[in-house]
Structures are given as structure tokens and as C-alpha cells.
Amino acid sequence: MEIPEPLWAPVPMFRSTPGVVSQVPNREDHFRVLAGYALANTAQAEVVHLWLGFLVFLRYQIYYGYPLQTYLEYPIIIAQDAILLLLILRFSGNMKRALFYAVTFWGGWYVLTLRKWIIDLAMNLCTFISAASKLAQLQCLWQTKDSGQVSALTWSMSAYTCATRIFTTVMTTNDLAVLIRFIIMLILNIWVTATILHYRKIKKTD
């Protein structure tokens, strides 16, 4: 009696030793793949949180007719985050999600101003959304214990921007919700910067 051939066969995907292809990935290969997926998902979640937070903040400022100088940089930041998100989706093989994010962006832009209480509530939640993105970055740093390619200069500039925005908000709109947002962002940006410098110092000593 002949034994039928299997309908599928394992495809060689990993190289366990130089010059030899193995059908069974070793433990190091598993860790490498899982780490790659974890970093990609963390980066995607962080960018989405930032993107939504900036979107709500920009819509809030426009809705209340605040001066242009109080939110001039946000359209540029939103465009940069959109490009970054597309790149992350492209290289992680999740381009199908791009349509979902695009619909969320355009739909949210109009829904936010249907009622005054919606934009006010969204602005308060916006602070927590933006804070969540900073905490996600901190969690990533704590897990890896390595600052990697994270720029301390970029985060310190973000802290400086928040500090200047606190000053301009006090001098122009004096909006309490906006002030609370920038104060929290300032604290978290300083925290991330300090964490980056801490792990970079440890790496140098090792």
C-alpha cells in the first residue's frame, strides 16, 4: 500500500548555520522574528496615538478660532506622521490597514465638530491619547533597556516646544484644557529624554 504524499511540505525559511538551510528555525530565529513583530507593532501604535492626538488638537484650535500661530506646525506634523505610518505599514506588510486609517481620519475630522460637547470631550481625551503614545515609548525603552536609534535631541526639542506652547497659550488663549495637555506632554517628554540618556550612558559604560 502506497502512502500518499503530504499536501504541503515545510518551506526552508531560516538559516541556522552559514551555508546550510534548515527547515526548523532555531530559538534565536524565533526571538528575532518575534522581536521584529513587537517593534513594528509598538511603532505603529505609537504613531497612530500621536496622529489621532494631533488631529483632535488641530480640529479643536480651528473650531474655536484660535490664532494661527498657536497651531501652525500641526498640519505639517500630521502629514509627517501620515507618511511615517504608511512606511511602517508598507514594510510590515499591513498596507490594507491604510484605508482604515484614512477613513478614520476623514470621518473623525467632520464628526468632531458636529456638537460642541464632542470636540470638548475629544480634546480632554486627546491628552490621554498623546500621553499613551509617550508611555508606549517609555515601555519600549524599559523592555529593551536600549535607546537604540531613538534620538534624545528630538525628544528634548519636543519638550522645548511644549514649554514654549505653555507660554504662548498663557499669553493668547489661556485655554485650561490646552495648558493641561502641554504640561503633561512636557513632563513625559522630559521623562523619555532622561530615560534615553540613562540607557545610553549604561551602554557606554558596558
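Each chain carries its own residue numbering, running from 1 in the direction its sequence is written. Note on the predicted model: pLDDT of at least 70 is required for a residue's local features to be given, and 80 or more for side-chain atom pairs to be given and counted; whole-chain, interface and lining totals, by contrast, use all residues. Calculated side-chain values reflect all of the structure's heavy atoms, with hydrogen atoms and water omitted.

I'm lost on the nonpolar core in this one. Help?
Across soluble globular proteins, nonpolar side chains have a tendency to be buried as a group. Only buried residues count toward a nonpolar core, which is a set of Ala, Val, Leu, Ile, Met, Phe, Trp, Tyr and Cys residues joined through side-chain atoms within 4.5 Å. Partly exposed describes any residue whose relative accessible area lies between the buried limit of under 20% and the exposed limit of over 50%, with all areas from a 1.4 Å probe on protein chains only and scaled to the type maximum. Within the largest apolar cluster, 35 residues are counted, with the highest numbers of intra-cluster contacts made by F57, Y60, Y74, L85, M123 and F182. Only DSSP runs of H or I with at least four residues qualify as helices, and only runs of E with at least two residues qualify as strands; both kinds are numbered from the N terminus onward. Among the elements of the structure, α1 (27–63), α2 (74–92), α3 (97–111), α4 (116–144), α5 (152–171) and α6 (176–205) are those that each provide at least two residues to this core. Counting residues per element, this core draws most heavily on α1, which supplies ten residues. Any pair of residues with heavy atoms lying within 4.5 Å of one another is described as a contacting pair. Discounting chain neighbours no more than four positions away, the residues touching F182 are F57, Y74, C162, R165, I166 and T169. Core analysis: the second largest hydrophobic core is formed by eight residues, L138, L141, A152 and W155 among them.

Which parts of the structure should I look at to understand the environment of Y64?
By the element assignment, Y64 lies in the loop between α1 and α2. Taking the C-alpha atoms as reference points, Y64 and T173, separated by 109 residues in sequence, lie 9.9 Å from one another. Residue contacts for Y64: discarding those within four places in its chain leaves K116, I119 and D120. In the analysis that follows, any N or O atom pair within 3.5 Å is treated as a polar contact, provided that within protein one partner can donate a hydrogen and the other can accept it, and provided that, for residues neighboring in sequence, both atoms belong to side chains. A distance of 3.3 Å separates the side chain of Y64 from the side chain of K116, its partner in a polar contact.

Looking at this model, I keep getting lost on the side chain of K134. Mind explaining?
Examined against the element boundaries, K134 turns out to sit in helix α4. We classify K134 as buried; its relative accessible area is 9%. Those residues in contact with K134, other than ones at most four positions away along the chain, are L50, W155, M185, L188, N189 and V192.

What is the right way to look at α3 in this model?
At 3.6 residues per turn, the α-helix brings residues three or four places apart onto the same side. How far a helix is expected to stretch is found by multiplying one less than its residue total by 1.5 Å. Look at α3: 21 Å from first C-alpha to last across 15 residues, which is about the 21 Å you get at 1.5 Å a residue. Here α3 has its buried residues at A98, Y101, F105 and W109. Looking straight down α3, one finds its buried side chains confined to an arc of 65 degrees; they lie on one side. Of the exposed residues in α3, the ones pointing more than 90 degrees away from its buried face are L99, F100, V103 and Y110. It is the directions from the helix axis to the C-beta atoms whose arc is reported.

Is there a simple way to explain the environment of C162 in this structure?
In this structure, C162 sits in helix α5. It is 6.7 Å that separates the C-alpha atoms of C162 and M185, two residues lying 23 residues apart in sequence. Residues contacting C162, with those up to four places away along its chain left out, are F182, M185, L186 and N189.

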